[in-house]
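Summary of structural features
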Amino acid sequence: MKYIVNKSFHNKIDMLEESIDDLFRETLQEVAVLATNISPVSTGAFVTSFSYIVGAGRPRGKSSEGRPRVGQFGADTMREQGYQNLMVDVAKIDFEKLGGSLTLSNGAPHSGIVDLNYNISGVLEAEYG
Amino acid sequence: MASIHNDIRAALETHISNTANLPSIAYENVAFEPTTGTSFIQVRYMPTSTRPAVRGLNPQLRYQGVFYVIVSTPEGNGPSIADDYANKVINAFQATTDISFTNSQSQTIKVSIDYAERQQGLIDSPWYHVPINIGWYIYNN
């Protein structure tokens, strides 16, 4: 018995794969928006320490020690910077080769205590599982 | 007229306050001075979304969020006391538990528990904290 798979079938599969990649990319973007929006900002060290890590990469990690407080307007700038950091990470992801884990991580030394007080990971889990 | 959030919060807080053998509970925006060496629990109501459950006019809404519980025990005594309290909280809020609450207008709501998960312990002197996330949801008009 012989099956012939024509080119249009392959084209449809390619389109489907692209759609899934776009959906994945949009979800990562939504997670980045929420994570940076609900993060507290004092010096900006925490909110700019988020990373998307593929496999066993090393996360960004900034200490707040010695950094000046940024104030309300500076807080928005820091959140935008944190978001842009994550979008840079997303742009580098090769979705076709992505086989292992993809993790949202925060490598700031004080990330544990910030998360204890603001439960950012819990809110992200509730929204995105 | 009270928001449904008042009733959801009341349902969750009443449920944990009725759970046996837990230490004192620090509620949100209520004065509470922890005594060093004495365990306590903090609770926080964190709604995360209110979305239409179906299409069409006047749809039923799905409310969901997290009831965040932090078990705090004295630092340096090992994890067993905190683990014991955390287990009691998780048992009281097991996934698929439905919590009923009747408000002062005799309206009864039922809050459903989606999950109850603990995270790793963390020392913030003089306390050892164990955070627990309790995911909840409710459908309501």
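Parameters and conventions
- Residues numbered from 1 in each chain as written.
- Chains lettered and ligands numbered in written order.
- Predicted model: local features only at pLDDT ≥ 70, side-chain atom pairs only at ≥ 80, totals over all residues.
- Axes fitted to C-alpha atoms, helices over the stretch in contact; angles between N-to-C directions.
- Helix = DSSP H or I, 4+ residues; strand = E, 2+ residues; numbered from the N terminus.
- Parallel < 35°, antiparallel > 145°, perpendicular 65-115°, else oblique.
- Left-handed = near helix turned anticlockwise from the far one by under 90°.
- Contact = placed C-beta atoms within 7 Å.
- Nonpolar A, V, L, I, M, F, W, Y, C, P; charged D, E, K, R; others polar.
- pLDDT = per-residue confidence, 0-100.

Residues and elements named next belong to chain A. In the contact formed by helix α1 (residues 7–37) and helix α2 (residues 71–92), the axes pass within 9 Å of each other and the chain directions differ by 155°. Judged on the interaxial angle alone, α2 and α1 are roughly antiparallel. Regarding α1 and α2, the two cross each other, and that crossing is right-handed. Here α1 contributes Arg25, Leu28, Gln29, Ala32, Val33, Thr36 and Asn37 to the contact with α2, which in turn contributes Arg79, Gly82, Tyr83, Leu86, Met87 and Val90. Class assignment of the residues belonging to the contact of α1 with α2 gives a composition of seven nonpolar, four polar and two charged.

Next up on the list: the interface of chain A and chain B. Contact residues are listed per partner, giving nine residues for chain A and 14 residues for chain B. Put simply, the parts of the chain that give the side of chain A that touches chain B at least two residues each are α3 (111–118) and α4 (120–128) of chain A. In terms of residue count, α4(A) provides more of the side of chain A that touches chain B than any other element does, five residues in total. Its residues assigned to classes, the side of chain A that touches chain B comprises four nonpolar, three polar and two charged.

Of all residues in chain A, 100% attain a pLDDT of 70 or more, and the chain-wide mean is 91. The weakest mean pLDDT in chain A belongs to α1(A) at 90; the strongest belongs to α3(A) at 96.

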